[in-house]
Amino acid sequence: MAQASPYGTRRQCSRPTCSTAAVVTLTYEYRTSHVWLDLLSSERDPHSYDLCRQHANTLSVPRGWQLTDRQGFAFGHPSDAVHRAS
Ligand SMILES: [Zn+2]
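Residues numbered from 1 in each chain as written. Predicted model: local features only at pLDDT ≥ 70, side-chain atom pairs only at ≥ 80, totals over all residues.

Remarks on the overall build of the protein chain
Heads up, the condition is: Only DSSP runs of H or I covering at least 4 residues are called helices, and only runs of E covering at least 2 are called strands; the numbering of each starts at the N terminus. Whether a residue is buried, exposed or partly exposed follows from its count of other C-beta atoms within 10 Å of its own C-beta, namely 20 or more, 12 or fewer, or something in between, respectively; the C-beta atoms are built from the backbone. Once C-beta atoms are placed from the backbone, any two residues with those atoms within 7 Å are in contact.
In terms of regular secondary structure, the protein chain is built from one helix and seven strands. Listed N to C, the secondary structure of the protein chain is β-β-β-β-β-α-β-β in terms of helices and strands. For the protein chain, the residues scored as buried account for 13% of the 86 residues in total. Long-range pairs, those at least 24 residues apart, make up 46% of the contacts in the protein chain with a sequence separation of at least 6.

Some details on the environment of Thr 25
Tracing the backbone shows Thr 25 in strand β3 (residues 24–29). Thr 25 gets classed as buried once you count the C-beta atoms within 10 Å, which come to 24. Once the C-alpha coordinates of Thr 25 and Leu 51 are considered, the two residues, 26 residues apart in sequence, prove to be 6.1 Å apart.

Thoughts on the nonpolar core
Put simply, the rule is: We define a nonpolar core as a collection of buried residues of the types Ala, Val, Leu, Ile, Met, Phe, Trp, Tyr and Cys that are connected via C-beta atoms lying within 7 Å of each other.
Judged by nonpolar contacts, Cys 13, Ala 22, Val 24, Leu 26, Val 35, Leu 37, Leu 51 and Ala 56 together constitute the single largest core of eight residues. Put simply, the parts of the chain that give this core at least two residues each are β3 and β4 (34–39). Excluding residues within four positions of it along the chain, Val 24 makes contact with Leu 37, Asp 38, Leu 39, Leu 40, Leu 51, Arg 53, Ala 56 and Gln 71.

Describing the pairing of β3
As a reminder of what qualifies: Two strands are counted as paired when DSSP detects at least two bridges linking them.
Strand direction decides the pairing type here: β3 and β4, joined by six bridges, are antiparallel. Within β4, the position partnered with Leu 26 by the bridge is Leu 37. Here β3 hands over to β4 after four residues, with Ser 33 in that stretch at a positive phi of 50°. Both β3 and strand β5 (residues 48–51) contribute to a ladder of four bridges, which runs antiparallel. When the sheet's bridge partners are listed, Thr 25 is paired in β5 with Asp 50.

Structural notes on unusual backbone geometry
Not every positive phi belongs to a glycine, and Ser 33 is a case in point at roughly 50°. Take Ser 33: it is sitting in the loop between β3 and β4. Note on Ser 33: 14 C-beta atoms within 10 Å, which makes it partly exposed.

Here is the structure:
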C-alpha cells in the first residue's frame, strides 16, 4: 500500500488490519519454498510484501517452507541471520 507523500514514499504494513509503517520486506520463492526477511527494500517487487516490525517478528511460514531472516546483514553482522525451519 504505497502512499505518496512530500517526504518520499512511505509504505505501510501489508496486513489488511494493520496501518503501521513497514520496516521489513518479505520475499518468497515458490520453487524453493523459501521466505526471506530483509530490511525494507527501496523498490517494490511483485513477489514481496512489506511488513511492520511486529508482524515481521511474529511471522510464521507454511509447513515445509524455510524462513531466513537477513535483516542482520545490513548491520554487518552476518552471524545475526536467523534460520528457522517450520
Ligand atoms: Zn503490521
